[in-house]
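Chains, contacts and geometry: an overview
Residues per chain, in single letters:
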Amino acid sequence: MNLCYIGLGSNLSQPQAQLLQALRMLNHPDIGRLVRCSSFYTSKPMGPQDQPDYVNAVAAVETVLSPLDLLRALQAIENDQGRVRERRWGARTLDLDILLYGEQVIELPDLTVPHYGMADREFVLYPLYEIAPALQMPDGQKLTTLLANCPANGLLTLLDSNQVHDALAVC
């Protein structure tokens, strides 16, 4: 089993419900086992500002899938939930990103791990810290160091991790 961290984001079609459905799909025998999930946070869009705010979270998932097979599985979940790629950083029903895949550094045409922008994204670092505060990046850099250099930029907790857990248990 490989421990992976997956970033989740949505700003269309009931974003909280989109994230909860994605979390249920990540906890599937064909993909892996959901180990932990952060709180849900609201954040301003990273790209064009003519779109709704995002709901973001990070999940820890154990998987036997290879990195590329995991990427394909995540893209299938996105597609099943109505993801349409119209413009870079545009509004979306669901975005799932492999942030970390074990201790691996991966540089392929379709996949870069650690995720290329995670060090600058508060909506990734704060939820990641919530579920893995002692995490160290594959290059040896501590998550706490990255977090210290990344302002919260108005990131707000929407549902705490207990509320997320309860919502998953109900559905």
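First things first, this report covers the structure right here in the doc. (Residues numbered from 1 in each chain as written. Predicted model: local features only at pLDDT ≥ 70, side-chain atom pairs only at ≥ 80, totals over all residues. Heavy atoms only, no water.)

1. Focus: the overall build of the chain
The following threshold applies: Going along the chain from the N terminus, every DSSP run of H or I of four or more residues is numbered as a helix, and every run of E of two or more is numbered as a strand. A contact between two residues is defined here by any heavy atoms of the two lying within 4.5 Å. Using a 1.4 Å probe, accessible areas were evaluated by the Shrake-Rupley method; residue-level cover was limited to the displayed protein chains. Note on charges: Lys and Arg go in the positive column, Asp and Glu in the negative column, and His and the chain ends are not counted at all. Here the site of a charge means NZ on Lys, CZ on Arg, CG on Asp, or CD on Glu.
Each helix and strand counted, the chain has five helices and eight strands in total. In the chain, the succession of helices and strands from N to C terminus is β-α-β-β-β-α-β-β-β-α-α-β-α. In the chain, the proportion of contacts linking residues at least 24 apart, taken out of those at least 6 apart, comes to 69%. Surface summary for the chain: the accessible area is close to 8,700 Å², and the carbon and sulfur share equals 51%. Computed over 12 positive and 19 negative side-chain charges, the separation of the two mean positions in the chain equals 2 Å.

2. Some details on the environment of Asp160
The condition is simple: The term polar contact refers here to a pair of N or O atoms within 3.5 Å; inside protein, the definition further demands a hydrogen-donor-capable atom paired with an acceptor-capable atom, and it admits residues adjacent in sequence only when both atoms are side-chain atoms.
Tracing the backbone through its elements, the reader meets Asp160 in the loop between strand S8 (156–159) and helix H5 (161–170). Each C-alpha atom of the pair Asp160 and Ser39 lies 4.3 Å from the other, and the pair is 121 residues apart in sequence. Looking at Asp160, its side chain comes within polar contact range of the main-chain nitrogen of Asn162, at 2.9 Å.

3. Looking at the pattern of salt bridges
Quick note on the threshold: Salt bridges, as used here, are contacts in which a Lys or Arg side-chain nitrogen is within 4 Å of a carboxyl oxygen on Asp or Glu. Partly exposed residues are those whose accessible area sits between 20% and 50% of the maximum for their type, while under 20% is buried and over 50% is exposed, using a 1.4 Å probe and protein chains only.
Per the stated rule, a full pass over the model turns up four salt bridges. With a shortest N-O distance of 3.3 Å, Asp53 and Lys44 are connected by a salt bridge. Look at Asp53 and you get partly exposed, because its relative accessible area is 36%. Residue Arg92 is joined to Asp95 by a salt bridge in which the shortest nitrogen-to-oxygen separation is 3.2 Å.

4. Focus: the side chain of Asn56
Relative to the assigned elements, Asn56 resides in strand S4 (residues 54–63). A polar atom in the side chain of Asn56 sits 3.4 Å from the backbone oxygen of Leu8. Among all residues touching Asn56, those that are not within four sequence positions of it are Leu8, Gly9, Leu19, Ser39, Phe40, Tyr41, Ser43 and Phe123.

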